[in-house]
Protein chains: 2
Amino acid sequence: MTEEVILLDFWASMYGMRTRIALAEKRVKYHYREEDLWNKSSLLLQMNPVHKKIPVLIHNGKPLCESLFQLEYIDETWPEENPLLPSDPYKRARAKFWADIIDKKVNVAGRRIWTTKGEEKEEASKELIEILKTLESELGDKDYFGEETFGYVDIALIGFYSWFGVYDKYGNINIESECPKLIAWAKRCLQRESVAKALPESEKITTFISERRKKLELE
Amino acid sequence: MTEEVILLDFWASMYGMRTRIALAEKRVKYHYREEDLWNKSSLLLQMNPVHKKIPVLIHNGKPLCESLFQLEYIDETWPEENPLLPSDPYKRARAKFWADIIDKKVNVAGRRIWTTKGEEKEEASKELIEILKTLESELGDKDYFGEETFGYVDIALIGFYSWFGVYDKYGNINIESECPKLIAWAKRCLQRESVAKALPESEKITTFISERRKKLELE
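Not measured: the values here are computed from a predicted model.

Caption draft 1: Here's a closer look at the overall build of chain A. Along the backbone of chain A there are 11 helices and 4 strands. Expected size for 219 residues packed as a compact globule is a radius of gyration near 17 Å; at 17 Å, chain A falls within 12% of this value. Counting only C-alpha atoms and orienting by the principal axes, one finds that chain A spans roughly 55 × 45 × 30 Å. For chain A, the proportion of contacts with a sequence separation of at least 24, taken over those separated by at least 6, is 69%. Carbon and sulfur atoms form 48% of the exposed surface of chain A, whose accessible area is close to 10400 Å². Between the mean site of the 34 positive side-chain charges and the mean site of the 38 negative ones, chain A shows a separation of 3 Å.

Here it is in structure tokens:
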């Protein structure tokens, strides 16, 4: 059967990066379609009518929404190469727990850093450092969150690394000095071709956010 | 091996109800420990230090947090009886997508109905009806969300049914007349012993929320 895999995505999305990395880890060939988030395509609106958000993975015409569910689907559909989730049910549940924390806490605090001012921004900066330290402590002395091999939680978090420059700049923080082990982990992940190819340059994201802030009249 | 299963829970929690139903569907015996949410036990704080929330499922001393991950874990650990998730990867991803929508949208709108006033409450009431209609349309003419058999999405949503009285009362809405097929689905689910035993009486929740609102000086 000929597989048709399409990814509706946006270059700076840390969620899209997850799916790009997972597809690369599994050596799945796909068509990448860049979306204009301020003028969404009719295909995106049709494939994800509830959230209207990227990334959407379309496999043989059928849409899959939400990056973490895409990772699980990719892992179950192409199980041969590089398993992403552990096979043990308890370890699987723990991996999902940490990825969920990344979605609920890292993303929320990170976004508030560059979209708010004053006290709210300061609070968001503190929250971000706190949750990154919690994640660093979960990583401990392991090479990857998935113990010895790069996997689901690593993929869930690594895209945010390309946004750390934005968080440092607007939050007046220095993530590298606060969380040195996490930065060492990120650099380790970046040695993988799947990650290096999926993550844009940090400076490109900083420039993009500076322009967004001007449009939102935040600077 | 002797299994030790403990559930830290709170009677009115629609999340706790999920786990109670799943354990009953699998005929797993467990110790139920009611938590005082305004004076949490040291066991809860120790088992779920990041969120400090119920339900927590403790299986042979190891904690599992977040109800939807508990359902998956229960399904994977006790696979013999009543499968909760479909075996097909695409159907699994879709089931997770709908359960995630229930968490992101039904819960948020429902909570805003009884914790806010004026325009915000009106907006929340509209949002709740809208998302319930979307779910009703996803259900279509099927008996259950999991097609012919009661499963993961049904379990994710049914606990909210015991809160519909609260939403009707404080949101000035009538869910039954807006979403008759969804109510018929809920009554079908309630015929299962696992559901009937896990859901408290609607009046008990309405009384509890009326008392909460007095304490929060909302009435």
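Continuing now.
Caption draft 2: Main features of the layout of surface pockets. Residues and elements named next belong to chain A. If you add up the space inside the second largest pocket, you get close to 470 Å³. Lining of the second largest pocket is provided by 21 residues; of these, Pro-86, Lys-91, Phe-145, Gly-146 and Glu-147 occupy positions nearest its centre. Mapped onto the lining of the second largest pocket, the elements with two or more residues apiece are helix H4 (89–115) and helix H6 (152–161). Of the residues forming the lining of the second largest pocket, the biggest block, 4 residues, is contributed by H4. Taken together, the residues of the lining of the second largest pocket break down into 10 nonpolar, 4 polar and 7 charged.

Caption draft 3: Geometry of the interface of chain A and chain B. Contact with chain A, which involves 26 residues of that partner, is made by 26 residues of chain B. Both sides of the chain A and chain B interface together cover about 2300 Å² of buried area, and 67% of this is carbon and sulfur. The largest share of the area that chain A buries against chain B comes from Val50(A), Phe69(A) and Tyr90(A), three residues that together contribute 25% of it. Across the contact surface, chain A and chain B share 6 salt bridges. Here Glu66(B) makes a salt bridge to Lys104(A), at a shortest N to O gap of 2.8 Å.

Caption draft 4: Looking closely at the sheet that holds strand E4 (residues 62–65) of chain B. All names here are of chain B. Taking strand neighbours across the sheet as the criterion, the 4 strands line up as E2-E1-E3-E4 in an open arrangement whose pairing is mixed. Strands at the two margins of the open sheet, each flanked by one partner only, are strand E2 (31–34) and E4. Averaged over all pairs of adjacent strands, the angle between their axes in this sheet comes to 20°, without regard to strand direction. The sheet contact formed by strand E3 (residues 56–59) and E4 spans 4 bridges and is antiparallel. Directly across from Val-56, in E4, lies its bridge partner Cys-65. Running over the sheet, helix H3 (residues 67–77) touches E3 and E4 and is turned about 30° from E3.

Caption draft 5: Structural view of the sheet that holds strand E3 (residues 56–59) of chain A. Residue and element names in this part refer to chain A. Spatial ordering of the open sheet is given by E2-E1-E3-E4, a layout of 4 strands whose pairing is mixed. Edge positions in the open sheet fall to strand E2 (31–34) and strand E4 (62–65), since each of these has one partner strand only. Here the strands of the sheet are splayed against their neighbours by 20° on average, with no regard to which way each runs. Contacts from helix H1 (residues 14–25) reach strand E1 (5–9), E2 and E3 within the one sheet, and its direction differs from that of E1 by about 155°. Contacts from helix H3 (residues 67–77) reach E3 and E4 within the one sheet, and its direction differs from that of E3 by about 30°.

Caption draft 6: Quick peek at the packing of H3(B) against helix H6 (residues 152–161) of chain B. Residue and element names in this part refer to chain B. Two numbers describe how H3 lies on H6: the axes approach to 11 Å, and their chain directions differ by 145°. Handedness of the H3/H6 crossing: right-handed. Residues Leu-68, Leu-71 and Glu-72 of H3 pack against Tyr-152, Ile-155 and Ala-156 of H6. Taken together, the residues that form the contact of H3 with H6 break down as 5 nonpolar, no polar and 1 charged.

Caption draft 7: Layout of the UniProt feature "domain: GST C-terminal" (unreviewed entry) in chain A. Here, UniProt's "domain: GST C-terminal" (unreviewed entry) annotation points to residues 88–208 of chain A. Helix makes up 79% of residues 88–208 of chain A and strand 0%, whereas the separation of the span's terminal C-alpha atoms amounts to 41 Å.

Caption draft 8: Representation of the domain arrangement of chain A in the model. Residue and element names in this part refer to chain A. Taken domain by domain, chain A comprises domain 1 (5–77) and domain 2 (89–216). Averaged C-alpha coordinates put domain 1 and domain 2 at centres separated by 20 Å. Facing 17 residues of domain 1, the contacting portion of domain 2 comprises 27 residues. Between domain 1 and domain 2, a total of about 1900 Å² is buried, with carbon and sulfur atoms accounting for 67% of that surface. Three residues, Trp-11, Met-14 and Ile-21, lead the burial of domain 1 against domain 2; their summed loss comes to 32% of the area buried on that side. One can count 3 salt bridges joining domain 1 with domain 2. Its salt-bridge partner being Lys-96, residue Glu-72 comes within 3.5 Å of it at the nearest N-O pair. Connecting domain 1 to domain 2 are 8 residue pairs in polar contact (both at pLDDT 80 or more). Breaking the side of domain 1 that touches domain 2 down by element, the ones donating at least two residues are H1 and H3. Split by residue class, the side of domain 1 that touches domain 2 holds 12 nonpolar, no polar and 5 charged.

Conventions we followed
- Residues numbered from 1 in each chain as written.
- Chains lettered and ligands numbered in written order.
- Predicted model: local features only at pLDDT ≥ 70, side-chain atom pairs only at ≥ 80, totals over all residues.
- Heavy atoms only, no water.
- Helix = DSSP H or I, 4+ residues; strand = E, 2+ residues; numbered from the N terminus.
- Rg over C-alpha atoms; globule rule 2.2 N^0.38 Å.
- Contact = heavy atoms within 4.5 Å.
- Areas by Shrake-Rupley, 256 points an atom, 1.4 Å probe, with all protein chains shown as cover.
- Lys, Arg positive; Asp, Glu negative; His and termini not counted.
- Charge placed at Lys NZ, Arg CZ, Asp CG, Glu CD.
- 1 Å grid on protein atoms, 1.4 Å probe; cavity = no way out; pocket = protein on both sides within 12 Å on 5 of 7 lines; lining within 4 Å.
- Points joined across faces, edges and corners; volume = space filled by probe spheres on them.
- Nonpolar A, V, L, I, M, F, W, Y, C, P; charged D, E, K, R; others polar.
- Buried area = accessible area lost by both parts, 1.4 Å probe.
- Salt bridge = Lys/Arg side-chain N within 4 Å of Asp/Glu carboxyl O.
- Pairing = 2+ DSSP bridges.
- Axes fitted to C-alpha atoms, helices over the stretch in contact; angles between N-to-C directions.
- Left-handed = near helix turned anticlockwise from the far one by under 90°.
- UniProt positions renumbered as here; feature names shortened; annotations may be inferred.
- Domains from an automatic or database assignment.
- Polar contact = N/O pair within 3.5 Å; in protein donor to acceptor, adjacent residues only side chain to side chain.

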